[in-house]
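So the chains spell out like this:
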Amino acid sequence: MKQIKITGRTMIKLAILSFSVFILIGIGIHFLGFRVAIRFSPEMTKEMGGVITRKELDEIEATYREKLQTLQRQLPLIESKISSLSKLKDQFSELATPTPTKTKPQNTDN
């Protein structure tokens, strides 16, 4: 019979060894699975890796250009709304300011 001493140091070594083995197995499975996916299912590889083709990139850029043009067409309307709101704000502030405050001269000699 052989005796094995179970100490804290032995348990730590065993844990590090098993952790390393599992990590290496996981890395191997990941890269092997990625190779198999590239070979047999390129569509799945695109989804996993975030790779897009030139055609897809052109379609995305065209969509963004259309959205930009739409926003640029809306810009004058938005600017006119902002100016009308600014005029309304000025009118309301004019109404909200008491009359004595408006006519009181500013003393700049202080």
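Source: prediction; values computed, not measured.

Re the overall build of the protein
Part 1: Looking only at helices and strands, the protein has four helices and zero strands in total.
Part 2: Reading the protein from its N end, one meets helices and strands in the order α-α-α-α.
Part 3: Counting across all 110 residues of the protein, residues that qualify as buried make up 2%.
Part 4: Of the roughly 10900 Å² that the protein leaves accessible, carbon and sulfur atoms contribute 64%.

Section: the pattern of salt bridges
Part 1: Tallied over the entire structure, the rule returns three salt bridges.
Part 2: Aspartate 58 is the salt-bridge partner of arginine 54, the closest N and O atoms lying 3.6 Å from each other. Here the residue arginine 54 and the residue aspartate 58 both occupy positions in helix 3 (residues 54-96), the gap between them amounting to four residues, near one helical turn.
Part 3: A salt bridge links aspartate 90 to lysine 89, with the shortest nitrogen-to-oxygen separation between them at 3.3 Å.
Part 4: What makes aspartate 90 partly exposed here is its relative accessible area of 39%.
Part 5: Taking the relative accessible area as the measure of exposure, lysine 89 reaches 52% and is therefore exposed.

Some details on the confidence of the model for the protein
Part 1: Residues with a pLDDT of 70 or more make up 85% of the protein, whose mean pLDDT is 84.
Part 2: Predicted confidence in the protein is weakest over helix 4 (residues 99-103), with a mean pLDDT of 67, and strongest over helix 3, with 93.

Some remarks on a nonpolar patch on the surface
Part 1: Residues Leu17, Val21, Phe22, Ile25 and Ile29 make up a contiguous nonpolar surface patch of roughly 530 Å² in combined accessible area.
Part 2: Locating phenylalanine 22 in the fold gives a position in helix 1 (residues 8-40).

Concerning helix 3
Part 1: The end-to-end C-alpha distance of helix 3, which contains 43 residues, comes to 60 Å, matching closely the 63 Å that a straight helix rising 1.5 Å per residue would cover.
Part 2: The largest bend along helix 3 reaches roughly 35 degrees and is located at leucine 75, with the proline proline 76 sitting one to four residues downstream.

Criteria and cut-off values
- Residues numbered from 1 in each chain as written.
- Predicted model: local features only at pLDDT ≥ 70, side-chain atom pairs only at ≥ 80, totals over all residues.
- Heavy atoms only, no water.
- Helix = DSSP H or I, 4+ residues; strand = E, 2+ residues; numbered from the N terminus.
- Buried < 20%, exposed > 50% of the residue type's maximum accessible area, 1.4 Å probe, protein only.
- Areas by Shrake-Rupley, 256 points an atom, 1.4 Å probe, with all protein chains shown as cover.
- Salt bridge = Lys/Arg side-chain N within 4 Å of Asp/Glu carboxyl O.
- pLDDT = per-residue confidence, 0-100.
- Patch = residues over 30% accessible without salt bridge, like charges linked within 9 Å, V, L, I, M, F, W, Y side chains within 5 Å.
- Expected span 1.5 Å × (residues − 1).
- Bend = angle between axes of the 7 residues up to and from the residue.

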